[in-house]
Amino acid sequence: MSSRPDTTTVHIDVIANAVDLACRAPSLHNSQPWRWVVGKTTVDLHADRSRVIRSADNSGREALIGCGAALDHFRVAMAAAGWNTTVEAFPDPDRIDHLASVRISSPGAVTPASRARADAILRRRTDRLPFRPPGESLNLVLPNASDESYFVDVLAGQTHAELAEAARLTESLRSADDLYHRELQWWTAPFRLSEGVPPSALVSESERRRVGVNRNFRPSGHLDRRSVTAHDQAEILVLSTPADTREDALTCGQALSRLLLDLTAAGMATCPMTHLTEVEVGRDAIRGLTGRNAVPQVLIRVGKAPTIEDTPAPTPRRSVREVMETRR
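Remember, predicted model here, so these are calculated numbers, not experimental data.

1. Some remarks on the overall build of the protein
Phase 1: In terms of regular secondary structure, the protein is built from ten helices and nine strands.
Phase 2: Taking 328 residues into account, the globule formula puts the C-alpha radius of gyration at 20 Å, and the protein, at 19 Å, falls close to it.
Phase 3: With the C-alpha coordinates aligned to their principal axes, the bounding extent of the protein is approximately 65 × 40 × 40 Å.
Phase 4: Residues classed as buried in the protein amount to 53% of the 328 residues present.
Phase 5: Excluding contacts between residues fewer than 6 apart, the proportion of contacts in the protein whose partners are at least 24 apart in sequence is 76%.

2. Looking at the packing of helix 2 (residues 61-80) against helix 8 (residues 246-265)
Phase 1: Look at helix 2 against helix 8: their axes get within 7 Å of each other, and the N-to-C directions meet at 50°. As the angle between them shows, helix 2 and helix 8 are arranged oblique. The handedness of the crossing between helix 2 and helix 8 comes out as right-handed. Side by side, helix 2 and helix 8 meet where Arg61, Leu64, Ile65, Cys67, Gly68, Ala69, Leu71, Asp72, His73 and Val76 of the first sit next to Arg246, Ala249, Leu250, Cys252, Gly253, Gln254, Leu256, Ser257, Arg258 and Leu261 of the second.
Phase 2: Here the contact of helix 2 with helix 8 is composed, by residue class, of eleven nonpolar, five polar and four charged.

3. Side note on a nonpolar patch on the surface
Phase 1: Nonpolar side chains collect at one region of the surface, where Leu169, Leu173 and Val281 lie side by side and expose about 250 Å² of accessible area between them.
Phase 2: Looking at where leucine 169 falls in the secondary structure, it is placed in helix 5 (residues 160-173).
Phase 3: Owing to a relative accessible area of 37%, leucine 169 belongs among the partly exposed residues under this scheme.

4. Details of the state of the cysteines
Phase 1: On inspection of all chains with the given rule, the structure shows zero disulfides.
Phase 2: The thiol of cysteine 23 is not disulfide-bonded; the next cysteine sulfur, from cysteine 67, is found 9.7 Å away.
Phase 3: Free of any disulfide, cysteine 252 has its nearest cysteine sulfur in cysteine 67, 13 Å distant.

5. Some remarks on the packing of aromatic side chains
Phase 1: For the structure on display, the rule yields two aromatic pairs.
Phase 2: Considering the side-chain rings of tryptophan 36 and phenylalanine 74, the 5.3 Å spacing of their centres and the 35° angle between planes classify their relative orientation as tilted. Linking tryptophan 36 in strand 1 (residues 34-38) with phenylalanine 74 in helix 2, this pair joins segments that are 38 residues apart in sequence.
Phase 3: A relative accessible area of 0% places tryptophan 36 in the buried class.
Phase 4: Under the relative-accessibility criterion, phenylalanine 74 is labelled buried at 0%.
Phase 5: Centroid distance tryptophan 186 to tryptophan 187: 4.8 Å. Interplanar angle 75°. Geometry classified as edge-to-face.
Phase 6: Here the guanidinium or amino end of arginine 301 rests over the ring plane of phenylalanine 131, the centre of that ring lying 4.2 Å away.

What counts and what doesn't
Residues numbered from 1 in each chain as written. Predicted model: local features only at pLDDT ≥ 70, side-chain atom pairs only at ≥ 80, totals over all residues. Heavy atoms only, no water. Helix = DSSP H or I, 4+ residues; strand = E, 2+ residues; numbered from the N terminus. Rg over C-alpha atoms; globule rule 2.2 N^0.38 Å. Buried < 20%, exposed > 50% of the residue type's maximum accessible area, 1.4 Å probe, protein only. Contact = heavy atoms within 4.5 Å. Axes fitted to C-alpha atoms, helices over the stretch in contact; angles between N-to-C directions. Parallel < 35°, antiparallel > 145°, perpendicular 65-115°, else oblique. Left-handed = near helix turned anticlockwise from the far one by under 90°. Nonpolar A, V, L, I, M, F, W, Y, C, P; charged D, E, K, R; others polar. Patch = residues over 30% accessible without salt bridge, like charges linked within 9 Å, V, L, I, M, F, W, Y side chains within 5 Å. Areas by Shrake-Rupley, 256 points an atom, 1.4 Å probe, with all protein chains shown as cover. Salt bridge = Lys/Arg side-chain N within 4 Å of Asp/Glu carboxyl O. Disulfide = S-S within 2.5 Å. Phe/Tyr/Trp six-rings, centres within 6.5 Å; stacked < 30°, edge-to-face > 60°. Lys NZ or Arg CZ within 6 Å of the ring centre and 35° of its normal.

Following this line, the structure appears as structure tokens:
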């Protein structure tokens, strides 16, 4: 009988490269709330509580969504390197920050789909500028987007004005929240070198006015980019879960990763947004628009961006040395 395959058969450089790609996953304000531990038989993912943003995410739900996205990115990267993976979620009930144990099994075939998703990790970015319509490309991705553990809905175009009004309401409710605004300023400060939202990813006041639904970050010093797109023509997707448990949040993050990578591979631009789902009045507004009795977790703007414009440098990430520990 053959011995059970484990991570000792995988060179540490392969795992480190997969962790590096996993850390390209989106997280609230690019806070990167994850920690990886490479053991003898598993690669373990832990939540880093020190990187939870208290004002916008006092329950830690969005940190779990970010970790779930990183978990799926890791599996995509390993699949593109020719390795199969299986995940045990929340393996230790006494350690709630131990989110997943990933066991790497025998090499598998590298499919064109796995290569395309891995390539999309490096191409995907959060684009806050106005989009052109996604066209028929969106229909190629959405039929396989939903699962019994999460739901993806497309908001009808006529509801976008109502959604924008709900976004303005949530911003007004936070106008006196000093902690929220202090943390928002901290995570968008230009001296953040390996975390936070860099100036290149922010928009000017005039650019922001052309996008009805977006978080109100500090204005950048950019000129008016994509001026030919007078107003945002994106479709808006809602990613929801049946309940609001830790398991739901981690599942949501994995679904978000798959959806963003498939949309990117299909040539579309994306912008995940959580400012409306952070407050109950925003969630209620979204439920009213989807008609679904579920928990809205993430909104995603989807559209086309000009292919001729200069692509900003990738949003910075912490190094693998900072987020990965080896205990072999």
